[in-house]
Amino acid sequence: MHNRRPLSLLFFLFCLVTTLYPPNAAANLTPPQQIIQNSSDRIQQTLSQPLYRNDFARATQFVDGVVGDFVDMERVAILVLGRHIRQATPTQRQQFIKEFRTLLVRTYTKAFQEYTDWQITFAPQISGEDPTRTIVRTIVDQPGQQPININYRMMKNRSGEWKVFDILIEGVSLVTNYRSTFNREITQTGSIDGVIKMLVDRNRR
C-alpha cells in the first residue's frame, strides 16, 4: 500500500486501548465506546501473558475469536472489494472474506509484539441523523510522539449490536486503503482470484 504509516497503526483497533478514564467513569461511556474499550482490554490483558506473547499461533487464534465480537468482518471485506463484489462468485466471496480476515488478524497480532507505552482517550462521539451509525473518536498518545487521531466507524446491526466496519487513522480509511490496493490488483489480473492468491501468499509467510 502507498501509505504504510496508517496501515501499520491499524492494529490499535484490536490491542492498544488503555483508556485514561478512571474506573468510576466507565459508566459515562456510550455503548459503542464501551464495546471498543471492553474488546481491546480483553486482547491487551490476554496477549500480555507470556503464554500468548511467546506463541504466535495461540495469540492469533485468540485475536480471531475476539474480532467477531466487535468487527463486522463481512461488511468490511465487501466494502473493500467495492464494485468488484458484483463479479465475485459465492465461492470467491467467501474465500476473500476468509483470507482478508486472516491477513488483518495476523497483522495486528504481529504488531502487538512491538507494543510500547501507548495510551488512548475518547473524544466526543460523532452521531448523525441515522441512529444506527456513529463514529467513536479516540486520541492515541505515546511519550515523545505526536498524538494520533483514530476513529472507528460503527453500525448497529439488525440484532441491535454495534459493530466496527471501518477505521480512520489521521483521516486515512482502512477500507479506502485496501480498496485502492485490491482495485489495482484486479485491474492488472482481470480477476478477483489474483487478489485471493495474493492474500493466501501473504498469510503463509
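Because the structure is predicted, anything quoted here is derived from the model rather than measured.

Draft legend 1. Seen up close, the nonpolar core. Ranked by internal contacts, the top residues of the largest apolar core, which has 50 residues, are Phe-96, Phe-100 and Phe-182. In terms of residue count, the dominant contributor to this core is helix 7 (residues 90-112) (seven residues).

Draft legend 2. Representation of the packing of helix 6 (residues 73-81) against helix 8 (residues 174-189) within the structure. The contact between helix 6 and helix 8 brings their axes to 7 Å, and the two run at 50°. Classified by the interaxial angle, the pair formed by helix 6 and helix 8 is oblique. Where helix 6 approaches helix 8, its residues Val-76, Leu-79, Val-80 and Leu-81 are matched on the opposing element by Leu-174, Val-175, Tyr-178, Arg-179, Phe-182, Asn-183 and Ile-186. Looking at the contact of helix 6 with helix 8 residue by residue, the classes come out as nine nonpolar, one polar and one charged.

Draft legend 3. Inspection of the pairing of strand 1 (residues 119-122) at higher detail. Across the two faces of strand 1 the burial differs, with Ile-120 and Phe-122 buried and Gln-119 and Thr-121 not buried at all. Here strand 1 runs beside strand 2 (residues 133-141); their pairing, made up of four bridges, is antiparallel. Bridge pairing links Gln-119 to Asp-141 in strand 2.

Conventions we followed
- Residues numbered from 1 in each chain as written.
- Predicted model: local features only at pLDDT ≥ 70, side-chain atom pairs only at ≥ 80, totals over all residues.
- Heavy atoms only, no water.
- Core = buried A, V, L, I, M, F, W, Y, C linked by side-chain atoms within 4.5 Å.
- Buried < 20%, exposed > 50% of the residue type's maximum accessible area, 1.4 Å probe, protein only.
- Helix = DSSP H or I, 4+ residues; strand = E, 2+ residues; numbered from the N terminus.
- Axes fitted to C-alpha atoms, helices over the stretch in contact; angles between N-to-C directions.
- Parallel < 35°, antiparallel > 145°, perpendicular 65-115°, else oblique.
- Contact = heavy atoms within 4.5 Å.
- Nonpolar A, V, L, I, M, F, W, Y, C, P; charged D, E, K, R; others polar.
- Pairing = 2+ DSSP bridges.

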